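Descriptive structure summary
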Amino acid sequence: MTAALAAPSPAGGAKTRINDFSIQVATVNGSGSQTANTVLLRAIFQMGVFVSGKNLFPSNIAGLPTWFTIRASAQGYVARKASNEMLILMNPETAKEDIAKADPGALVIYDEPLQLDKLRGDLAYIPVPFQKLVTASCPEPKLHKLVKNMIYVGVASRLLGIDMEEVKKAIAKQLKGKAKAIELNQTACVAGYDWAMENLEDQDHIKVVRDNKTQGLIIVDGNEACALGALFAGVTVVGWYPITPASSLVETFIEYAEEYRKDPKTGKSTVAIVQMEDELASAGVVLSAGWAGARSMTSTAGPGISLMSEFIGLGYYVEAPGVFFNVARTGPSTGLPTRTQQSDVELCAKCSHGDTLHINLFPGTMEECFQFSYDAFDLAEKFQTPIFVVTDLDLGMQNWASKPFAYPAKPYDRGKVLNQQQLADMKDWGRYKDVDGDGICYRSLPGTPGGKGAYLTRGSGHNAYAQYSEKPEDYVEVMDRLKRKYETAKAFVPGPVFRNQGSDKGVLAFGSSDPAVIEAQDILLAQGLKTDYLRLRALPFTAEVDTYVKEKQVVYVVEQNRDGQLANLFRETYPEHATKFKSVLHYDGHAIDAKSIVDQITAFEQK
Amino acid sequence: MTTATPSAPVPAAPTNKLGFTKQDYVGSKSTLCAGCGHDAITAQIINAAFESSIEGHRVTKYSGIGCSSKTPAYFMNQGWGFNSVHGRMPSIATGASLANRTLINIGVSGDGDSMSIGMGQFVHAVRRNIPMIYIIEDNGVYGLTKGQFSATADKGSHLKSGAVNDFPPIDPCTLAIELGCGFVARCFSGNPKQLNAILKAAFAYQGTVVLDVISPCVTFNNHDASTRSYKHVKDHDFPLHDLGFIQYSEVEEVEIPAGQTEIVTFPDGSKVAIKAIHEGYEPTDRFGAMKAIHESMAKGEFLTGLLYINPTQPPLPEVLNLVDEPLATLGEDLLKPSPAELDKIMQALM
């Protein structure tokens, strides 16, 4: 039987989209679809085509709907695209809704019994007898559920023109040497591929054509990149508590630590990793280990930062180092725990009660996830303070193509730590004395012999010698010095990156918004609007940010939260320029897309 | 020519094996209420550390919030201290003890700090067997917030305001034994000899020591209706008093013979029964210890002494199989993988 591909031609009679399309796969959570989807993505990647994948999954173990989108882009755009050229519908629960939302002309691969082809006339339907194919290709009924998804990989690969050898290679890569599983999945995939070849006419809607754009690139997610950064940065104490979407950061770190931090002969480890009872305890471990000289870290999400905030404020005031990874999700509270947002901006900027100001790093690429994680430990020790590395679910848990990470050759900066001899040589050491005028004091580590350097760390008021004091002048001195330290940090945090088109209209964004902003900038240019783009990479704002704000007539602050939190920080920092900042917002839990940015900026421009 | 009159030779202060005097183990002047039992505990920490020849620079002192949590400032100025946040001293001790396993960790907490907000961290620190002496200065009342009930307050006891405690107390010792703690002891702050002996044993122990010290509050639990007040507050000249850094007073200094019960009578006539464990007590019998404590509690007594010990439990750094050197000072060469190793990782991601 030849399936109906009498379908509408590409929308508007456009030519075939070569390496430029989006596929959305609708499945059931827990059905093993993540493996199948990653194989499809990886096969396209191996064909040399830029590709990104986004898993839209529910807060659920099994049974609820999940969607995975794969975007291929000849131009290298990797942001989420709201429209899809192919739908693979495996979930009866959502099939009708998915059909209703489909873009005209989309190819729809679906399970034959669902009989979706009556629902709309402007789609190209491809009913596939999945059960029949899986029964024929897999002898073990209990495995049918797991390999059924691999059949749509085969069908889609055939339709898209993906080389089956690349698919087989991707399966082997994904299943990491598990011979039986590899064979089962490859067999199912071939069954789908062969069925498509025998039963379907070719389509010219969307195609993958071999390219050379991904040669030498890696596929990685941000949590793994951050974990690797921490590994190379020499983290020695990890206190953590599981939370989506941050758990895989430490879990991946644990896997690497097994290989790179254990003496193969003795089994002894150079890193202590403890899953604590909650986030509060994790923060305590991080700060006290940092206080005692270790390079320490935790990873969490917004609700975890909320729980940690008392400790983080203490860490700021007593000046204890530690790295806090915040892989942000939608909030507040549980929010949509498996969806993405950038809604912890203000929380991380000023986390805790009283006057606090924190150094934040905002990686926007996988290379930066790696590098900034490495740098965060230097900054924590240099500035003796909690450092936030802020990513989000989109960066942290989605697949991204990236250049391989460059070796971080820069030696560790352990900051102003005094050893026994240096302490002995100092006539008048005070833990909180600003000797160098940069707000950064000299510290001693517990256990240093020689009888000098011991002090009591306390959250209560203290003077330059760490002695208890409620004198107004002592408190003001400490608080002013902490502000001075924050000012010093401006010269040491990563400055912004620019993508300028010669305009006095600025766009400003950070983190995972970057790919969508780049794409939006190009779309706007095509529409006749030039923009300059600054991607913020840290708090505090550096001198370059300062200049940018002052020079631009208008600054569109793109961020993924409701209240324009970053724009608020800008308005507060630059009150004389407050009216320049226009918020371009996206906060529905999906990763930001270029169209939503274009639409909002266009609307502002037309006012 | 005049000749100076030779002054009488000043006897040198006694030194310990390391050549330190007791003065080397003292801290700042206490700001607790005159007569506070916590100062008596501080005095015995100093004595025990001196007598055990503890290296002061290796000592770290941790606390949360409350009167008790001020006490790390009052002993061993040679050691580093961290006065953290309410109830979360254990996680502070956990992180630092992992960062440097050569440290000698002393945590001082209160019944409010440990048995209410800090209950979670207390139980998890104990089950992880972090290497520390965890002292609970237990007076059944919140002092710094001026006299509310704590979770160890006796059921039926009264506040100064007249309010009655409706809830049974939580007992840190039975809880610690239940959690698998390998060294559980209870003392009375008015029994310096017993406290001193227990502390010296605690310094020699490798894992978590839970030491519950009944330490009556002279200000907020010293009223007529209290079950934990002092009848008479009188100054005592403990040997340490000569050093001039601690002043405290107690109703009486008691020494309770093994197996016997001493009744401490308070101003309102109420009594606390302190019972020392008998000579034949077997502290390695976990279930026997629980039974003995419960039997004493049923009689309204506080059983004191080394209640339970298991010397074979590995502390957390051993459980995690950490290297022998402090993690805090490991060199970059031991921590940073090589360029070839990064390349291997990158190849695997391609």
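All of these numbers come straight from a predicted model, not from anything done at the bench.

**Regarding the overall build of chain B**
Regarding its fold elements, chain B presents 10 helices and 13 strands. By residue count, 58% of the 350 residues in chain B fall in the buried class. Counting only contacts in chain B whose residues sit at least 6 apart along the sequence, the fraction spanning at least 24 positions is 70%. Carbon and sulfur atoms provide 55% of the accessible area of chain B, an area that totals close to 14000 Å².

**Examining the nonpolar core**
Counting 150 residues, the largest nonpolar core has Leu228, Met297, Leu536, Leu566 and Phe570 of chain A as its most contacted members. Ala43, Ile109, Tyr152 and Val155 of chain A belong to the second-largest nonpolar core, a separate cluster that totals 56 residues.

**Side note on the state of the cysteines**
Under the definition given, this model contains zero disulfides over all chains. Left unpaired, cysteine 173 of chain B is separated from the closest cysteine sulfur, that of cysteine 187 of chain B, by 9.1 Å.

**As for the pairing of strand 21 (residues 505-510) of chain A**
Residue and element names in this part refer to chain A. With five of six residues buried, strand 21 lies mostly within the body of the structure. Of the pairings in the sheet, the one linking strand 21 to strand 24 (residues 554-559) comprises four bridges and is parallel in character. The residue bridging valine 507 from the neighbouring strand is tyrosine 556, located in strand 24. Both strand 21 and strand 22 (residues 532-536) contribute to a ladder of five bridges, which runs parallel. Across the sheet, residue phenylalanine 510 finds its bridge partner in strand 22, namely leucine 536. Following the chain from strand 21 across helix 16 (residues 514-526) to the adjacent parallel strand 22, one finds a crossover that is right-handed.

**A short note on the packing of aromatic side chains**
Each aromatic ring pair is specified by the distance between its two centres and by the angle formed by the two planes. Residues and elements named next belong to chain A. Overall, the coordinates contain 23 aromatic pairs over all chains when judged by the stated rule. With a centroid separation of 5.8 Å and 70 degrees between ring planes, the pair formed by phenylalanine 232 and phenylalanine 370 is classed as edge-to-face. Taken together, the residues span a long stretch of sequence, with phenylalanine 232 in helix 7 (residues 222-232) and phenylalanine 370 in helix 12 (residues 366-383) at a distance of 138 residues. Just as phenylalanine 232 is buried, phenylalanine 370 falls in that class too. Between phenylalanine 370 and phenylalanine 405 the ring centres are 4.8 Å apart and the planes differ by 15 degrees, which places this aromatic pair in the stacked class. Here phenylalanine 405 lies in the loop between strand 16 (400-402) and strand 17 (417-418) and phenylalanine 370 lies in helix 12, a separation of 35 residues in the sequence. Exposure class is identical for phenylalanine 370 and phenylalanine 405. Each is buried. An aromatic cluster is present here, built from Phe232, Phe370, Phe405 and Tyr407 joined pairwise through their rings. The cationic tip of arginine 295 hangs over the ring face of tyrosine 412; the distance from NZ or CZ to the ring centre is 4.6 Å.

**A few points about the interface of chain B and chain A**
In this assembly, 52 residues from chain B lie in contact with 70 residues from chain A. Carbon and sulfur atoms supply 67% of the area buried between chain B and chain A, which totals about 5000 Å² over both sides. For chain B, the biggest contributors to the area lost against chain A are Trp80, Leu349 and Met350 of chain B; these three give 15% of the whole. Counting across the interface, chain B meets chain A through four salt bridges. Note that lysine 268 of chain A is salt-bridged to aspartate 324 of chain B, the shortest N-O span being 2.8 Å. Along the contact surface separating chain B from chain A lie 28 residue pairs in polar contact (both at pLDDT 80 or more). Of all the secondary-structure elements, those providing two or more residues to the side of chain B that touches chain A are strand 1 (59-63), strand 2 (80-83), helix 2 (89-99), helix 4 (119-128), helix 9 (332-335) and helix 10 (339-349) of chain B. It is helix 10 of chain B that provides the largest number of residues to the side of chain B that touches chain A, a total of nine residues. Of the residues that constitute the side of chain B that touches chain A, the class distribution is 27 nonpolar, 18 polar and seven charged. Note that strand 19 (residues 456-458) of chain A and strand 2 of chain B share three bridges and pair parallel.

**Overview of the UniProt feature "domain: Thiamine pyrophosphate enzyme TPP-binding" (unreviewed entry) in chain B**
UniProt feature "domain: Thiamine pyrophosphate enzyme TPP-binding" (unreviewed entry): in the numbering of this structure it lies at residues 65-213 of chain B. Between the end C-alpha atoms of residues 65-213 of chain B there is a gap of 17 Å, over a span that is 32% helix and 23% strand.

**Some remarks on the packing of helix 9 (residues 279-291) of chain A against helix 2 of chain B**
Put simply, helix 9 of chain A and helix 2 of chain B touch, their axes get as near as 7 Å, and they point 40 degrees apart. One finds that helix 9 of chain A runs oblique with respect to helix 2 of chain B. Seen along the crossing, helix 9 of chain A lies across helix 2 of chain B with a hand that is right-handed. Counting all contacts with helix 9 of chain A, which are made through Leu280, Ala281, Gly284, Val285, Ser288, Ala289 and Trp291 of chain A, the residues of helix 2 of chain B involved are Ser91, Ile92, Thr94, Gly95, Ala96 and Ala99 of chain B. Per-class residue counts for the contact of helix 9 of chain A with helix 2 of chain B are eight nonpolar, five polar and no charged.

**Looking at the side chain of threonine 27 of chain A**
Residues and elements named next belong to chain A. Mapped onto the fold, threonine 27 is located in strand 2 (residues 20-28). One polar contact links threonine 27 to serine 33, side chain to side chain, over a distance of 2.8 Å. Apart from residues no more than four positions distant in its own chain, threonine 27 is found in contact with Ser33, Leu64, Pro65, Thr66, Met90, Asn91, Asn149 and Tyr152.

**Topic: the packing of helix 4 (residues 144-160) of chain A against helix 6 (residues 179-199) of chain A**
Residue and element names in this part refer to chain A. Orientation of helix 4 relative to helix 6, taken along the N-to-C sense of each, is 40 degrees, at an axis distance of 7 Å. Considering their axes alone, helix 4 and helix 6 lie oblique with respect to each other. Where helix 4 crosses over helix 6, the handedness of that crossing is right-handed. Two secondary-structure elements touch here, helix 4 through Val147, Met150, Ile151, Val153, Gly154, Val155, Ser157 and Arg158 and helix 6 through Leu184, Asn185, Ala188, Cys189, Gly192, Tyr193, Trp195, Ala196 and Met197. Among the residues forming the contact of helix 4 with helix 6, the class breakdown is 12 nonpolar, four polar and one charged.

**Notes on unusual backbone geometry**
Residues and elements named next belong to chain A. Residue threonine 244 is joined to proline 245 through a cis peptide bond whose omega torsion reads 5 degrees. Relative to the assigned elements, proline 245 resides in the loop between strand 10 (237-240) and helix 8 (247-260). Residue proline 332 is reached from glycine 331 by a cis peptide bond, and omega for that bond is 0 degrees. Here proline 332 is to be found in the loop between strand 13 (322-328) and helix 11 (345-350). For glutamine 115, which is not glycine, the phi torsion reads 50 degrees and is therefore positive. Relative to the helices and strands, glutamine 115 is located in the loop between strand 6 (107-111) and strand 7 (124-128). Since its relative accessible area comes to 57%, glutamine 115 is described here as exposed. Not every positive phi belongs to a glycine, and lysine 176 is a case in point at roughly 45 degrees.

**Observations concerning helix 10 (residues 302-318) of chain A**
Residues and elements named next belong to chain A. Spanning 17 residues, helix 10 covers 23 Å between terminal C-alpha atoms, matching the ideal 24 Å at 1.5 Å per step. By the largest-angle criterion, serine 309 marks the main kink of helix 10, which is about 60 degrees. Among the residues trailing helix 10, glutamate 319 stands out with phi positive, at a value near 70 degrees.

Definitions and limits used
Residues numbered from 1 in each chain as written. Chains lettered and ligands numbered in written order. Predicted model: local features only at pLDDT ≥ 70, side-chain atom pairs only at ≥ 80, totals over all residues. Heavy atoms only, no water. Helix = DSSP H or I, 4+ residues; strand = E, 2+ residues; numbered from the N terminus. Buried < 20%, exposed > 50% of the residue type's maximum accessible area, 1.4 Å probe, protein only. Contact = heavy atoms within 4.5 Å. Areas by Shrake-Rupley, 256 points an atom, 1.4 Å probe, with all protein chains shown as cover. Core = buried A, V, L, I, M, F, W, Y, C linked by side-chain atoms within 4.5 Å. Disulfide = S-S within 2.5 Å. Pairing = 2+ DSSP bridges. Right-handed = clockwise from strand over helix to strand, strands pointing away. Phe/Tyr/Trp six-rings, centres within 6.5 Å; stacked < 30°, edge-to-face > 60°. Lys NZ or Arg CZ within 6 Å of the ring centre and 35° of its normal. Buried area = accessible area lost by both parts, 1.4 Å probe. Salt bridge = Lys/Arg side-chain N within 4 Å of Asp/Glu carboxyl O. Polar contact = N/O pair within 3.5 Å; in protein donor to acceptor, adjacent residues only side chain to side chain. Nonpolar A, V, L, I, M, F, W, Y, C, P; charged D, E, K, R; others polar. UniProt positions renumbered as here; feature names shortened; annotations may be inferred. Axes fitted to C-alpha atoms, helices over the stretch in contact; angles between N-to-C directions. Parallel < 35°, antiparallel > 145°, perpendicular 65-115°, else oblique. Left-handed = near helix turned anticlockwise from the far one by under 90°. Expected span 1.5 Å × (residues − 1). Bend = angle between axes of the 7 residues up to and from the residue.

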